[in-house]
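# A closer look at the structure
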Amino acid sequence: MTKSTNSDAFEIQKRIMTMTGFWPHRSPTIFYRIYGVIHYGMVASFALSLLISNAVVKDFSQLIQSWSMFVAILNCSIKFTIFYFKMPAFLDLLDFLHSPHFTYYEEEYDVYLARIIRFARVLVKLFLCSGVTTVILILIAPLLNTVRERQTPLPFPLDLKKQPFYIYIAVYVFQCFALFSAAWTSIGFDNLSTSMMGLSASYSKILRETIVKITDLQVLLRNNELRNILLLYGVSDCRINKMFCKCVEHHLAIIEFTEAIEDIFTYVFLSQFICSAAGICLVGFTFMNAAPGSLDFIFALSFLGTLMFQISLYCTFGNEVTVQSSRIGDACYDTEWVYCGPVVRKTMFLIMERSKRPLILTAGKFVDLSLSSLVAVVKSAASYAAVLFQVMNK
Amino acid sequence: MMKFKKAGLVADLFPNIRLMQTSGHFMFNYHSETTGAVHGLRVLYSSVHLVLVMAQFGFTFGNLVQESDDVNDLAANTITVLFFTHTLTKYLYFAIRSKLFYRTLGIWNQANSHPLFVESNNRYHALSLKKMRQLLIIVLTATIFSASSWTTITFFGESVRVRKDPENENITVSTEIPRLLIKSWYPWDAMSGLPHLLSLIYQVYYVFFSMCHANLLDSLFCSWLIFACEQLMHLKEILKPLMELSATLDTYVPKTADLFRAPSANSQDNLVDNDFNEKNNHNDDLDLRGIYSTRQELGAHYRSGALQTFNSGGGGIGPNGLTKKQELMVRSAIKYWVERHKHVVRLVTAIGDSYGIALLLHMLTSTIMLTLLAYQATKIDGVNPYAFSVIGYLLYALGQVFHFCIFGNRLIEESSSVMEAAYSCHWYDGSEEAKTFVQIVCQQCQKAMSISGAKFFTISLDLFASVLGAVVTYFMVLIQLK
């Protein structure tokens, strides 16, 4: 049974992002570059048009809706801009994933890596389905709504009733393409960072199992002819110490990998956090205001669901990275260190010392990606929405 | 049919387990007879309880929907529904995840033991048993008291529903509703006579058994924590003798023989041969006195292997001339300590796995319920049944949270004090092996063992303080807004 390749975890994301020209290449063709710039320009100008229309729209519920969409699209453009600057670092990370420190383990532990790869692929497919469905619903909604004439999926600064028909069609098509491009790339991008975090967590787990296996008693007894196991103290120290030193090198590789993820994606996380909090607040407010069963209500519900899911994804994976890396010290304690001599114990002590400081992924160094910060974000967004509700309904 | 033997945690917690089985929890292990017929009867018994509990919960919820037009009634009914949500959650949670509970209960079936530490082990085991019994009695008393005071308070005050008159907004109209413990919608008319009596008995049963379901499961969890804490105290106590024993391996220690005497109340027997020891000590005096003074001058410690050549007769190991058997005893003592500690860590992990999600759901329900209770508390206007019931709900909810927070906190404190015990056990007199042992133990025990609510929060008194603070804050803010 061969071992899984870690790049399988983000293969689908790679295809998604290559389709919209966002996947980094070391030396891309001119055509690919122009293609990427066109997509980025579409998303940026879409965000701009939403911003201008916010100043023009009169209807209150439409205003809130438009602000929440603007926040989402702004989030996308900021993330893409940040990623553009971090492209060289990302390419180095992809090369680093081929290092032997990620393929040293026994085949029996491959199951952890395979599990996370399977999970990442299922997640991206799920996200893709739900995202595409939502986008299609948003784009089709004006065609089903017969109350207002010439309505675009999202607010646009021009009053389209006064313009010729082909301008209306052009605006409609532009909004379709821009929304689709933004959603498509965003789905691939979010799942990229989360699958990297999943890889880091699974490598920590594999390292834990490897460490515990080093002092396997059967192997120890077989290599020494002592009949009483208690007299094994310090006998196989040299061999065991060498194996521990190799584990330290693997540990360092995992730490380097996680720090690279942090370096590339930290401001992306920050923008995601702020925009998610703002989005949840605005959409929550719409939710409270709208009558149950109306189109606004359904739109608010689905959008709220998407935002919550996005931010929970980041926080759960970040939490997993932290938890798995802090358990490496526990793995050292679980070995049969009682039978090892002072040389091994000193090495083990230093491994435990390093694992006392777990690997924490942060959002721009402001917030940790963990389950407790998820609870805090949701709580604060809910309280802002309640305050807004009180102010508006005085 | 195997005769079922009580061992480990099951034996200690047997009263609790039997009470849970009697109250209808889906726990089908730990019986002597496991024939198909008897098992079927037990499943039937638990299912009947489940159906009755869910039916009454449905009736209470129906009443909530029926009376949802008035804000005050809505708030009061929501509190009642949430109160009984705890029970339903715990009941169903146990039924679904009972395998994890059985695993945790069976984790202590094969405990290791060492002749030198048996007495300490037994002492702390007896202590934990006593504490578990005390906890069970307290929880049962509190449950019976709450159920009976709920029943009593039903017979005070007016049993009416107050509504605004549809014709005139300023007049309120009161309609008579049945005098029952919980306001419920029944498909039969429960105003008076036999239906009323039957409904009353049904509700008394429901209130009492619901409280039992939730509280017994919580006390099972807390008993596990008590057991883990007492084991940690046992480990802390034997660290000092362990250090002294370990020092004999490669440092000269006077009166080595005393260390190998098991501390027990009545016997003064040595564990290892007396004559052999005396011969060795005699050897020490005769042959090694000169060598020891040199060694003391140099201040060096020698490893066990190097000293084999110095001993003339008997082949003792180390500067104290230990026999092979004594050396094995020392090494096995160290191994006993480490294995026992790892066993406690496994137990705490299993407890966290089995009960973590239940704690998360409990805290979610409690948060919402306490918020609403703070709102209700602002409407208290005198010493009447309303005030008593609101205060009763508040105290009960806070009491439930306090119950597991205090034991979770004790676990955190005990597990982090192991490191302090390791530091204070005269490790500086010990061998190199002893020092590295203390090093690794201190390293591992710096991180306290704690129970988390599915990784969202830790169960400690901090949690209780934040819950209490939140309730007081809401109350103050709402009073201001009135």
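Please read these numbers as outputs of a predicted model, since none were measured by experiment. Along each chain, residues carry numbers from 1 onward, in the same order as the chain's sequence is written. Chain letters start at A and ligand numbers start at 1, both assigned in the order the entries are written. Predicted model: local features are reported for residues with pLDDT of at least 70 only, side-chain atom pairs are reported and counted for 80 or more only, and whole-chain, interface and lining totals are derived from all residues. Only hydrogens and water are set aside when side-chain values are computed; all heavy atoms of the structure are taken into account.

By the criteria applied, helices consist of DSSP H or I runs no shorter than four residues and strands consist of E runs no shorter than two, each listed in order from the N terminus. Each helix and strand in chain B was counted, giving 14 helices and two strands. Remark: exposure states derive from per-residue accessible area (1.4 Å probe, protein chains only) relative to the maximum for the residue type, with buried under 20%, exposed over 50%, and partly exposed in between. Here chain B holds 482 residues, and the buried ones make up 48% of them. Note on contacts: a residue pair qualifies if any of its non-hydrogen atoms lie within 4.5 Å across the two residues. When contacts within chain B are restricted to residue pairs at least 6 apart in sequence, long-range pairs at least 24 apart make up 77% of them. Accessible surface, chain B: about 23,100 Å² in total, of which carbon and sulfur atoms supply 63%. Computed with a 1.4 Å probe, the accessible areas rest on the Shrake-Rupley method; for each residue, only the protein chains presented here act as cover.

Moving on to the overall build of chain A. Scanning chain A for helices and strands turns up twelve helices and two strands. Reading chain A from its N terminus to its C terminus gives the helix and strand order α-α-α-α-α-α-α-α-α-α-α-β-β-α. Seen through its C-alpha atoms, chain A measures out along the principal axes to roughly 95 × 55 × 30 Å. The buried share among the 394 residues of chain A stands at 52%. Excluding contacts between residues fewer than 6 apart, the proportion of contacts in chain A whose partners are at least 24 apart in sequence is 79%. Here chain A displays about 18,600 Å² of accessible surface, and carbon together with sulfur accounts for 67% of that area. If you average the places of the 33 positive and of the 28 negative side-chain charges in chain A, the two averages end up 4 Å apart. A positive count includes Lys and Arg, and a negative count includes Asp and Glu. His and the chain ends are not counted in either. Every charge is mapped to an atom, namely NZ of Lys, CZ of Arg, CG of Asp or CD of Glu.

Within 6.5 Å between ring centres, the rings of Phe, Tyr and Trp (the latter by its six-membered ring) count as paired, and their orientation is classed by plane angle as stacked under 30 degrees, edge-to-face over 60, tilted in between. This model, assessed by the stated rule, comprises 53 aromatic pairs over all chains. Plain terms: the ring middles of B:Phe83 and B:Trp150 are 5.7 Å apart, the flat faces sit at 65° to each other, and that makes the pair edge-to-face. A residue pair is termed long-range when its members are at least 10 positions apart, and B:Phe83 in helix α4 (residues 71-96) and B:Trp150 in helix α6 (residues 118-154) qualify at 67 residues. Here B:Trp150 and B:Tyr393 contribute two aromatic rings whose centre-to-centre distance is 5.8 Å and whose plane-to-plane angle is 70°, an arrangement assigned as edge-to-face. On the criterion of sequence distance, the pair formed by B:Trp150 in helix α6 and B:Tyr393 in helix α12 (residues 385-423) is long-range, its members being 243 residues apart. Of the two residues, B:Trp150 and B:Tyr393, neither departs from the other in class, the shared state being buried. An aromatic cluster of three or more residues is present, and its members are A:Phe10, A:Phe22, A:Trp23, A:Phe80, A:Phe83, A:Phe90, A:Phe189, A:Phe265, A:Phe269 and A:Tyr314. If you follow B:Lys6 out to its NZ or CZ, it ends over the ring of B:Phe14, 4.3 Å from the centre. As a reminder, the over-ring test applies to NZ of lysine and CZ of arginine, requiring each to be within 6 Å of the ring centre and within 35 degrees of the ring normal.

Before going further, it helps to spend a moment on the side chain of A:Ser53. Residue and element names in this part refer to chain A. Topologically, Ser53 is positioned in helix α2 (residues 30-56). Of the residues examined, Ser53 reaches a relative accessible area of 1% and is grouped as buried. When residues no more than four places from it in sequence are discounted, the contact partners of Ser53 are Ser66, Pro155, Phe156 and Pro157.

Residues and elements named next belong to chain A. A grouping of Leu48, Leu51, Ile52, Val56 and Trp67 is seen on the molecular surface, where their side chains present a nonpolar patch of about 430 Å² in accessible area. It is α2 that provides the largest number of residues to the nonpolar patch, a total of four residues. For Ile52, the location among the structural elements is in helix α2. Grouping into patches uses exposed residues only, defined as over 30% relative accessible area, and leaves out salt-bridged ones; the cut-off is 9 Å for like charges and 5 Å for nonpolar side chains (Val, Leu, Ile, Met, Phe, Trp, Tyr). For this document, the term salt bridge refers to a Lys or Arg side-chain nitrogen within 4 Å of an Asp or Glu carboxyl oxygen.

Another point: the interface of chain A and chain B. Each partner contributes to the interface: chain A provides 28 residues, whereas chain B provides 27 residues. The tally of links between chain A and chain B comes to five salt bridges. Note that B:Lys447 and A:Asp330 form a salt bridge whose closest N and O atoms lie 3.1 Å from each other. Mapped by element, the contributors of at least two residues to the side of chain A that touches chain B are α9 (295-326), α10 (328-334), α11 (342-355) and α12 (371-392) of chain A. In terms of residue count, α11(A) provides more of the side of chain A that touches chain B than any other element does, seven residues in total. The classification used treats Ala, Val, Leu, Ile, Met, Phe, Trp, Tyr, Cys and Pro as nonpolar, Asp, Glu, Lys and Arg as charged, and all other residues, Gly among them, as polar. Here the residues of the side of chain A that touches chain B are counted per class, giving 14 nonpolar, six polar and eight charged.

A word on the UniProt feature "transmembrane region" (unreviewed entry) in chain B. UniProt positions are given in the numbering used here, feature names are shortened, and annotations may be inferred rather than shown by experiment. UniProt feature "transmembrane region" (unreviewed entry): in the numbering of this structure it lies at residues 43-62, 74-93, 135-156, 204-227, 355-375, 387-407 and 456-479 of chain B. Helix and strand shares over residues 355-375 of chain B are 100% and 0% respectively, and the end C-alpha atoms of the span are 31 Å apart.

Next up on the list: helix α8 (residues 239-247) of chain B. Those residues of α8(B) not exposed but buried are B:Leu239, B:Leu242, B:Met243, B:Leu245, B:Ser246 and B:Ala247. Contacts from the buried residues of α8(B) go to α7 (193-237), α9 (256-259), α11 (324-377), α12 and α13 (432-445) of chain B.

This part takes up the UniProt feature "transmembrane region" (unreviewed entry) in chain A. Residue and element names in this part refer to chain A. Per the UniProt record, the feature "transmembrane region" (unreviewed entry) sits at residues 30-52, 64-85, 122-145, 165-187, 264-285 and 297-317. Regarding residues 30-52, the helix share stands at 100% and the strand share at 0%, and the terminal C-alpha atoms are separated by 33 Å. As annotated, residues 165-187 has a helix share of 100% and a strand share of 0%, and its two end C-alpha atoms lie 33 Å apart.

Under the criterion given, the structure shown has 26 salt bridges over all chains. Across the pair A:Lys79 and A:Asp190 runs a salt bridge whose closest N-O atoms are separated by 2.9 Å. Taken together, the residues span a long stretch of sequence, with A:Lys79 in helix α3 (residues 60-85) and A:Asp190 in helix α6 (residues 165-214) at a distance of 111 residues. Of the two residues, A:Lys79 and A:Asp190, both sit in the buried class. Between A:Arg345 and B:Glu433 there is a salt bridge; the shortest N-O distance is 3.9 Å. Here A:Arg345, found in helix α11, pairs with B:Glu433, found in helix α13, and the two come from separate chains. Each of the two residues, A:Arg345 as well as B:Glu433, counts as buried. Salt bridges here are not isolated pairs; linked through shared partners, they connect B:Lys131, B:Glu230, B:Lys236, B:Arg410 and B:Glu414.

Moving on, we get to the packing of α4(B) against α12(B). Residue and element names in this part refer to chain B. α12 packs onto α4 with a crossing angle of 30° between their chain directions and a minimal axis gap of 12 Å. It follows that α4 is roughly parallel to α12 by the angle criterion. The crossing of α4 and α12 is left-handed. Side by side, α4 and α12 meet where Ile79, Thr80, Phe83 and His86 of the first sit next to Tyr393, Tyr396 and Gln400 of the second. Axis definition: a line fitted to C-alpha atoms, limited for helices to the stretch in contact. Angles are taken between N-to-C directions and run from 0 to 180 degrees. Each angle receives one of four descriptions, namely roughly parallel if under 35 degrees, roughly antiparallel if over 145, roughly perpendicular if within 65 to 115, and oblique otherwise. Crossing handedness follows the turn of the near helix against the far one: under a right angle anticlockwise gives a left-handed crossing, and clockwise gives a right-handed one.

Only buried residues count toward a nonpolar core. Its members are Ala, Val, Leu, Ile, Met, Phe, Trp, Tyr and Cys residues joined through side-chain atoms within 4.5 Å. A:Phe90, A:Phe265, B:Trp337 and B:Phe437 are the most contacted members of the largest nonpolar core, which has 218 residues in total. With 21 residues, α7(B) is the single largest residue contributor to this core. Residues within four places of A:Phe265 in sequence aside, it is in contact with A:Phe83, A:Phe90, A:Phe189, A:Leu192 and A:Ser193. One finds A:Ile64, A:Cys275, A:Leu282 and A:Phe285 within the second-largest nonpolar core, a separate group that totals five residues.

Next up on the list: the side chain of A:Gln175. Secondary-structure assignment places A:Gln175 in helix α6. When neighbours within four sequence positions are excluded, A:Gln175 is seen to be in contact with A:Phe46, A:Leu139, A:Thr152, A:Pro153, A:Leu154, A:Pro155 and A:Phe156.

Moving on to the environment of B:Gln446. Within the element layout of this structure, B:Gln446 appears in the loop between α13 and α14 (461-481). Discounting residues that sit within four places of it in the chain, B:Gln446 has contacts with A:Lys356 and B:Met419. A distance of 2.4 Å separates the side chain of B:Gln446 from the side chain of A:Lys356, its partner in a polar contact. A 3.5 Å cut-off defines polar contacts: any pair of N or O atoms within that distance qualifies, except that in protein one atom must be a possible hydrogen donor and the other a possible acceptor, and neighbouring residues in sequence count only when both atoms are side-chain atoms.

Residue and element names in this part refer to chain B. Of note in this structure, His426 is not a glycine but carries a positive phi near 55°. In this structure, His426 sits in the loop between α12 and α13. Residue Lys455 is not a glycine yet carries a positive backbone phi of 65°. By the secondary structure assignment, Lys455 is in the loop between α13 and α14.

With that settled, consider the packing of helix α5 (residues 110-144) of chain A against α6(A). The relative placement of two packed helices is expressed as an angle between their axes plus a distance between the axes. Residue and element names in this part refer to chain A. Following both chains from N to C, one finds α5 and α6 inclined at 165°, their axes separated by 9 Å at the closest point. Put simply, α5 runs roughly antiparallel to α6. Helix-helix and strand crossings are classified by hand; for α5 and α6 the assignment is right-handed. When the residues that make up the contact of α5 with α6 are grouped by side-chain class, the tally is 25 nonpolar, six polar and four charged.

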